[in-house]
Every structure is written in structure tokens, then in C-alpha cells.
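Each chain, letter by letter, is given below.
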Amino acid sequence: KIDGYQSESRIVTQSIETINVELKGINSKNTELQNQITSINGQINQNQLNINTKQTSLNSLQEKLAPLNGQLNSLKSNKTDLSAKLDNQIEAIAKEMKEKGKVTLEAAALKKKYEAELSQLATKISSIESQSKSTTESINLLNSEIGKFKENEIKLKGQISSLNDKISINQNNIDNKK
């Protein structure tokens, strides 16, 4: 009988040792999974910092764009007015030529002045359009980058969810072995 108990005791001891090894392995995996979750959370935090930085830059660019658009509209309006004045002056010169056969110096000087102002306005408009285009491109780039960061955050949160599921499975295995 004693031999039977001793044999049974050895089997139970071996089973306990096997279960303890398995539990240590599961606990080790849980620790590894927790470390991965911590790392991913760090990536998510960095991702959020990047989003915040990009959003700040985006807001700044949008604030710069509004006045540029206002200036552009104002210059275009001035250009339209000046073009109308130039057209009227050209008509007056044409009328003078037809009636008198010559153009007064004053009329020619006024035409030249309008043409110079129109050229300056066209240059300013071109410059502001260029700034506006550059700012809009920067805004689009930042929006794209923010979108990528948000997609990455969703992916990372999915990884955390998957790791938490694995931890739950491991915990259930531990509970079942106890």
C-alpha cells in the first residue's frame, strides 16, 4: 500500500511541477504581452503628440490663408476697376485720334499710368496667389499626415485589443490549471 501511495505521490508531484512550469510560461507570456501593450501605448501617445503638433501647424496655416484670400479678392477687385479705367482711357484716346488726329500728352500719360498700375496689381496678385497656393498645399499635406497618424492609431489600438484578448486567454488557462 505504501508503495502505491508513494507512486501516486510521485505522479501528483510531477503533475504539480508540470503545471507550475506551464503557469510560469503563461505568466512569462503575459508579461511579454503587457510589455508590448506598454510599447504600443507609448506609440499611441507619440502619435497623438504628432497629431497635436500637425493640428497646431494646420491652424496657423489656415489663419494665414484667410487674410491672403481677402487681399487677393481686394486686389482682383482693384484690377477690375483699373482695367475698366484703362479701357475707358483707350476709348478716349481712340476717340481723340479720330476727332483730332492726335493724342494729348495728358491722355497718353494717363494711359501709361493705368498700364503701370495694372502691371503692379498683376504682380501682386500673382505673388499672393502663389503664397495662397503654397499655403493650401501645406494645409493639404498636413491634413494627409494627420489622417495617416489617425489610421496608425486605429491600427495600434487594434493591436492592443488583440494582445488583451491573448492575455485573457492566458488568464483563463491559468485559472483552469489552478
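Structure: above.
From a predicted model like this one, the values you see are computed outputs, not experimental measurements.

(A) The overall build of the protein, seen in detail. Counting its secondary structure elements, the protein contains 2 helices and 0 strands. Radius of gyration (C-alpha) of the protein: 39 Å, far over the 16 Å computed for a compact globule of 178 residues. In terms of overall dimensions, the protein has C-alpha extents of about 145 × 20 × 15 Å along its principal axes. For the protein, buried positions account for 22% of its 178 residues. If you take every contact in the protein between residues at least 6 apart in sequence, the share linking residues at least 24 apart comes to 88%.

(B) Representation of the environment of Leu61 in the model. Residue position: Leu61 is located in helix H1 (residues 2–100). What makes Leu61 buried here is its relative accessible area of 15%. Put simply, Leu61 and Lys113 are 52 residues apart on the chain and 36 Å apart in space, counted from C-alpha to C-alpha. Residues contacting Leu61, with those up to four places away along its chain left out, are Thr135, Ser138, Ile139 and Leu142.

(C) Focus on the nonpolar core. Counting 10 residues, the largest nonpolar core is built from Leu68, Leu72, Leu75, Leu82, Leu86, Tyr114, Leu118, Leu121, Ile125 and Ile128. Elements that contribute at least two residues to this core include exactly H1 and helix H2 (105–177). For Leu118, the contacting residues outside a window of four places in its chain are Lys79, Leu82, Ser83 and Leu86.

(D) Quick look at the packing of H1 against H2. Contact pair H1 / H2: the axes reach a minimum separation of 4 Å and the direction vectors enclose 165°. Looking at the two axes, H1 sits roughly antiparallel to H2. Of the two possible hands of crossing, H1 and H2 adopt the one that is left-handed.

(E) Focus on the side chain of Asn30. Inspection of the secondary structure assignment puts Asn30 in helix H1. The contacts of Asn30, once residues within four sequence positions are left out, are Ile167, Asn170, Gln171 and Ile174.

(F) Molecular detail of the environment of Leu142. The topology assignment puts Leu142 in helix H2. Among the residues examined, Leu142 registers a relative accessible area of 10% and is labelled buried. Linking Leu142 and Glu99, residues 43 residues apart in sequence, is a C-alpha distance of 62 Å. Dropping the residues within four chain positions of it, Leu142 is found in contact with Lys54, Ser57, Leu58 and Leu61.

(G) Structural view of the side chain of Glu96. With respect to the helices and strands, Glu96 occurs in helix H1. Of the side chains with opposite charge, Lys100 lies nearest to the buried Glu96, which makes no salt bridge, at 5.2 Å. Beyond its immediate stretch of four places on either side in the chain, Glu96 contacts Gly101, Lys102, Val103, Thr104 and Ala107.

(H) The arrangement of the pattern of salt bridges in detail. Inspection of every chain in the model, using the stated rule, returns 5 salt bridges. A salt bridge links Lys113 to Glu117; the nearest nitrogen and oxygen atoms lie 3.7 Å apart. With Lys113 and Glu117 both in helix H2, this residue pair falls 4 residues apart, about one helical turn. Residue classification places Lys113 among the partly exposed residues on the basis of a relative accessible area of 45%. Glu153 is the salt-bridge partner of Lys157, the closest N and O atoms lying 3.2 Å from each other. Here Lys157 and its partner Glu153 are both found in helix H2, 4 residues apart, which amounts to about one turn of the helix.

Scoring rules and cut-offs
- Residues numbered from 1 in each chain as written.
- Predicted model: local features only at pLDDT ≥ 70, side-chain atom pairs only at ≥ 80, totals over all residues.
- Heavy atoms only, no water.
- Helix = DSSP H or I, 4+ residues; strand = E, 2+ residues; numbered from the N terminus.
- Rg over C-alpha atoms; globule rule 2.2 N^0.38 Å.
- Buried < 20%, exposed > 50% of the residue type's maximum accessible area, 1.4 Å probe, protein only.
- Contact = heavy atoms within 4.5 Å.
- Core = buried A, V, L, I, M, F, W, Y, C linked by side-chain atoms within 4.5 Å.
- Axes fitted to C-alpha atoms, helices over the stretch in contact; angles between N-to-C directions.
- Parallel < 35°, antiparallel > 145°, perpendicular 65-115°, else oblique.
- Left-handed = near helix turned anticlockwise from the far one by under 90°.
- Lys, Arg positive; Asp, Glu negative; His and termini not counted.
- Salt bridge = Lys/Arg side-chain N within 4 Å of Asp/Glu carboxyl O.

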